[in-house]
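# Residue-level structure breakdown
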Amino acid sequence: QVHLVESGGGSVQAGGSLRLSCTASGYYGQWQCMAWFRQAPGKEREGVATIFIGGGMTYYADSVKGRFTISQDNAKNTVYLQMNSLKPEDTAMYYCAAAGLGPGLCASQKQADFPSWGQGTQVTVSS
């Protein structure tokens, strides 16, 4: 089993930046796909970015391309989400997730494919 813990959320002005962290513990070697999702109040949970650990390939939702970057630090068992040029529409609870997916399904960013989830960290962007 794998346990995921997010951190780094907060409140920022539009145009600002935040860096989220997701640290994994337990038996996580099977989980080749790590992802960030977000969910705003009253909205559906949506995929933000994924990384295929084995090959380092990354994938992004169109809404965040050019602004967000997902990366990994294997020594720290941590995945990051660097968020730049934040917009009010980025306001949401951000969750990290893990799955034993190949690169194709990993890139699809479908929440139903991810069995392991963190508790979430809140990001609020004001105008």
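From a predicted model like this one, the values you see are computed outputs, not experimental measurements.

What follows covers the state of the cysteines. By the definition in use, this model includes two disulfides. Through a disulfide, C22 is tied to C96; the S-S separation comes to 2.1 Å. Around the S-S axis, the bridge from C22 to C96 shows a dihedral of about 65° and counts as right-handed. Within this pair, whereas C22 is found in strand β3 (residues 18–26), its partner C96 is found in strand β9 (residues 92–99), the two being separated by 74 residues in sequence. Two residues share a disulfide in this structure: C33 and C106, whose sulfurs sit 2.1 Å from each other. The sign of the 85° torsion about the S-S bond sets the C33-C106 disulfide as right-handed. Of this pair, C33 sits in strand β4 (residues 33–39) while C106 sits in helix α1 (residues 103–108); the two residues are 73 residues apart in sequence, bridging distant segments of the chain. With respect to class, C33 is no different from C106; both count as buried. The connectivity of the disulfide-linked cysteines in the chain, indexed sequentially, is 1-3, 2-4.

Okay, the sheet that holds β3 next. What the four strands build is an open sheet, ordered β1-β3-β8-β7; its pairing is antiparallel. Across the chains shown, the open sheet's two edge strands, defined by having one partner strand only, are β1 (2–7) and β7 (68–73). Shown here is a sheet whose adjacent strand axes are inclined to one another by a mean of 20°, direction ignored. With six bridges joining them, β3 and strand β8 (residues 78–83) adopt antiparallel strand pairing. Each residue of the ladder has a partner; that of C22, found in β8, is V79.

What counts and how
- Residues numbered from 1 in each chain as written.
- Predicted model: local features only at pLDDT ≥ 70, side-chain atom pairs only at ≥ 80, totals over all residues.
- Heavy atoms only, no water.
- Disulfide = S-S within 2.5 Å.
- Helix = DSSP H or I, 4+ residues; strand = E, 2+ residues; numbered from the N terminus.
- Buried < 20%, exposed > 50% of the residue type's maximum accessible area, 1.4 Å probe, protein only.
- Pairing = 2+ DSSP bridges.
- Axes fitted to C-alpha atoms, helices over the stretch in contact; angles between N-to-C directions.

Nothing here speaks to function; it is all geometry.
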